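In case you want the letters, here they are:
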2 protein chains.
Amino acid sequence: MEAKVVLHHEVPFTELGGGVKRRVLAYNAQQMIVEVVFEKGGVGAPHTHPHVQSTYVKSGAFRFTIDGKDVDVTAGDTIAFPPDILHGTVCLEAGTLLDIFTPMREDFIG
Amino acid sequence: MEAKVVLHHEVPFTELGGGVKRRVLAYNAQQMIVEVVFEKGGVGAPHTHPHVQSTYVKSGAFRFTIDGKDVDVTAGDTIAFPPDILHGTVCLEAGTLLDIFTPMREDFIG
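Residues numbered from 1 in each chain as written. Chains lettered and ligands numbered in written order. Predicted model: local features only at pLDDT ≥ 70, side-chain atom pairs only at ≥ 80, totals over all residues. Heavy atoms only, no water.

Draft legend 1. Summary view of the overall build of chain A. When helices and strands are tallied, chain A shows zero helices and nine strands. Helices and strands in chain A line up, N terminus first, as β-β-β-β-β-β-β-β-β. Relative to its length of 110 residues, chain A is compact, with a C-alpha radius of gyration of 14 Å against a globular reference of 13 Å. Taking the principal axes of its C-alpha atoms as reference, chain A extends roughly 40 × 30 × 25 Å. Within chain A, the proportion of its 110 residues that are buried is 51%. Across chain A, the fraction of contacts at a sequence separation of at least 24, relative to all contacts at a separation of at least 6, is 61%. (Helix = DSSP H or I, 4+ residues; strand = E, 2+ residues; numbered from the N terminus. Rg over C-alpha atoms; globule rule 2.2 N^0.38 Å. Buried < 20%, exposed > 50% of the residue type's maximum accessible area, 1.4 Å probe, protein only. Contact = heavy atoms within 4.5 Å.)

Draft legend 2. Quick peek at the environment of Asp67 of chain B. Structurally, Asp67 of chain B can be placed in the loop between β6 (52-66) and β7 (69-74). Sequence separation between Asp67 of chain B and Val36 of chain B is 31 residues, and the spatial gap between their C-alpha atoms is 21 Å.

Draft legend 3. Region of interest: the environment of Cys91 of chain B. Residue and element names in this part refer to chain B. Inspection of the secondary structure puts Cys91 in strand β9 (residues 87-102). Here Cys91 falls in the buried class, since its relative accessible area comes to 2%. Separated by 53 residues in sequence, Cys91 and Phe38 place their C-alpha atoms 6.5 Å apart. Beyond its immediate sequence surroundings of up to four residues, Cys91 is in contact with Phe38, Glu39, Lys40, Gly41, Gly42, Ala61 and Phe62.

Draft legend 4. Region of the structure containing the side chain of Arg23 of chain A. All names here are of chain A. Along the chain, Arg23 falls in strand β3 (residues 20-27). Note on Arg23: relative accessible area 11%, which makes it buried. Here the side chain of Arg23 touches His8 through a polar contact of 2.9 Å, landing on its backbone oxygen. Side-chain polar atoms of Arg23 contact the backbone oxygen of Val11, separated by 3.4 Å. In this view, Arg23 contacts His8, Val11, Pro12, Phe13, Ile33, Val34 and Glu35; residues no more than four positions away in its chain are not counted. (Polar contact = N/O pair within 3.5 Å; in protein donor to acceptor, adjacent residues only side chain to side chain.)

Draft legend 5. Region of the structure containing the side chain of His87 of chain A. Residue and element names in this part refer to chain A. For His87, the position within the fold is in strand β9 (residues 87-102). Among the polar contacts listed, one links the side chain of His87 to the side chain of His49, at a separation of 3.4 Å. Sequence-distant contacts of His87, defined by excluding residues within four places in its chain, comprise Ala45, Pro46, His47, His49, Gln53, Thr65, Ile66 and Phe81.

Draft legend 6. Structural view of the pattern of salt bridges. Residues and elements named next belong to chain A. Applying the stated criterion across every chain, the model contains ten salt bridges over all chains. Here Arg63 makes a salt bridge to Asp72, at a shortest N to O gap of 2.7 Å. When salt bridges that share partners are traced, they join Arg23, Glu35 and Lys58 into one network. (Salt bridge = Lys/Arg side-chain N within 4 Å of Asp/Glu carboxyl O.)

Draft legend 7. Here's a closer look at the relation of the copies chain A and chain B. Between the two copies, chain A and chain B, the superposition gives an RMSD of 0.1 Å; the rotation angle is 180 degrees and the shift along the axis is 0.0 Å. Such a combination of turn and shift is consistent with a two-fold rotation axis. The residues that chain A uses at the interface reappear at the interface of chain B in 98% of cases, marking a shared surface. (Least-squares fit on C-alpha atoms with pLDDT ≥ 70 in both.)

See the structure below:
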């Protein structure tokens, strides 16, 4: 298997509405990096998925609600989510999250 | 299993020498996010590991050599590495990489 190099300017964003847009960056079967750009007040509604997820706060400030508990994070902070945990976020200051999924999200491509 | 939140300022860097330092951010068994900060000219010597790896270029510019082929990447670019592929990097402009490993790197904690 070869490495996959993804130059960010080659990847279009998908508008998700409500001040949130997403683009899928490099991935293979076991990992997928997804960049999610939020305007202030943008919401990632609470949801679950069977994928393990890590989130890196690239910029901005976000309030996550994870399994009913709030936590505020800013640039450089990270969160490791176990599978199937209820999580959502509200953007407090415009910024960008990197979400990494294991395995990759089939529902994000195609 | 609970989510793990890691505030970046709570995590110390490990100096790797040669203008490279690393800190381990959030992780669980399946994923580990590692931040690697390079001075210009800093080198990640070619190596292999059985872990799947994704790399996100947070800032700077880097020349990767992957399985004998060079590729130059800059901020926002990403690479998905399959297991056991030979890879290394030279930093062309000071910057930071995020490496995500699946499974986590037992050898990075101690």
